[in-house]
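This is what each chain is made of:
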Amino acid sequence: MKNKGYALLELVICIVLISMVIIQFTVVITKLNTRSHELFIQNKIENNIYNLYGEIGYDFINYNIKSINRIENGYVFEFYQVNKDNVHKKDLILKDNSIYYNEEYNGEIFYNYELLSDDIININTDESSLKYENGYLKLTIKINNEDYDFICSNKIEGVNI
């Protein structure tokens, strides 16, 4: 009869330990879920930035720029590789916190790439810029308060922006 108090104490200790394990398990699951969501967001941003570099960066690296014309919400680039008569015309439009990069062929849009702001990606087109400095053309696009630079170091003939 004297051990009844110890049995009650053991039961209370077991319940407390089991409760602590359940709470720790819940905390770990919550942290994993939060981290998984953070990685999803980071992956979406990185994939879109990578695709944007793939589109604009490819042209800046592989082509020479014949001319750049400023339009209302962006720029019109004329690229060539070797022959100046074989020109590729591409429009970069920065408006409504969105980026549109179009290739025209025979006066019609042949290819279109777009990156739009959403709840994960915030494009600030007002702070994006195109500058010609020290012989290099530098396009800076601000996404999620970070600057992403596209630099053209190829032949740039008398380009005025």
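Quick note: structure is the one above.
Anyway, here's the lowdown on the structure attached to this text. (Residues numbered from 1 in each chain as written. Predicted model: local features only at pLDDT ≥ 70, side-chain atom pairs only at ≥ 80, totals over all residues. Heavy atoms only, no water.)

1. Section: the pattern of salt bridges
As a working rule, side chains carrying opposite charge can pair if their charged atoms are close by.
Line of reasoning, step 1. Throughout the structure, instances matching the rule amount to six salt bridges.
Line of reasoning, step 2. A salt bridge links E103 to K90; the nearest nitrogen and oxygen atoms lie 3.7 Å apart. Note that E103 is positioned in strand β4 (residues 98-105) and K90 in strand β3 (residues 88-95), a separation of 13 residues in sequence. Like K90, E103 is buried.
Line of reasoning, step 3. Put simply, E127 and K142 hold a salt bridge, and the shortest N to O gap is 3.7 Å. (Salt bridge = Lys/Arg side-chain N within 4 Å of Asp/Glu carboxyl O. Helix = DSSP H or I, 4+ residues; strand = E, 2+ residues; numbered from the N terminus. Buried < 20%, exposed > 50% of the residue type's maximum accessible area, 1.4 Å probe, protein only.)

2. With respect to the pairing of strand β5 (residues 108-116)
Line of reasoning, step 1. Here β4 pairs with β5 via eight bridges, running antiparallel. If you follow S98 over to β5, its bridge partner there is L116.
Line of reasoning, step 2. Hairpin geometry of β4 and β5 is characterised by an intervening segment of two residues between the two adjacent antiparallel strands and by a positive phi of about 55° at N106. (Pairing = 2+ DSSP bridges.)

3. Side note on the sheet that holds strand β7 (residues 136-143)
Line of reasoning, step 1. Strand order in the open sheet formed by three strands is β6-β7-β8, with antiparallel pairing between adjacent strands. Looking along the sheet, the strands with just one partner apiece sit at the ends: β6 (123-133) and β8 (146-152). Adjacent strand axes in the sheet meet at a mean angle of 15° when their direction is disregarded.
Line of reasoning, step 2. Here seven bridges tie β7 to β8, and the two strands are oriented antiparallel to one another. When the bridges of β8 are listed, L137 appears paired with C152. (Axes fitted to C-alpha atoms, helices over the stretch in contact; angles between N-to-C directions.)

4. Quick word on the side chain of S67
Line of reasoning, step 1. Position of S67 among the secondary structure elements: in strand β1 (residues 64-71).
Line of reasoning, step 2. Assessed through its relative accessible area of 17%, S67 is described here as buried.

Purely geometric numbers; function is a separate question.
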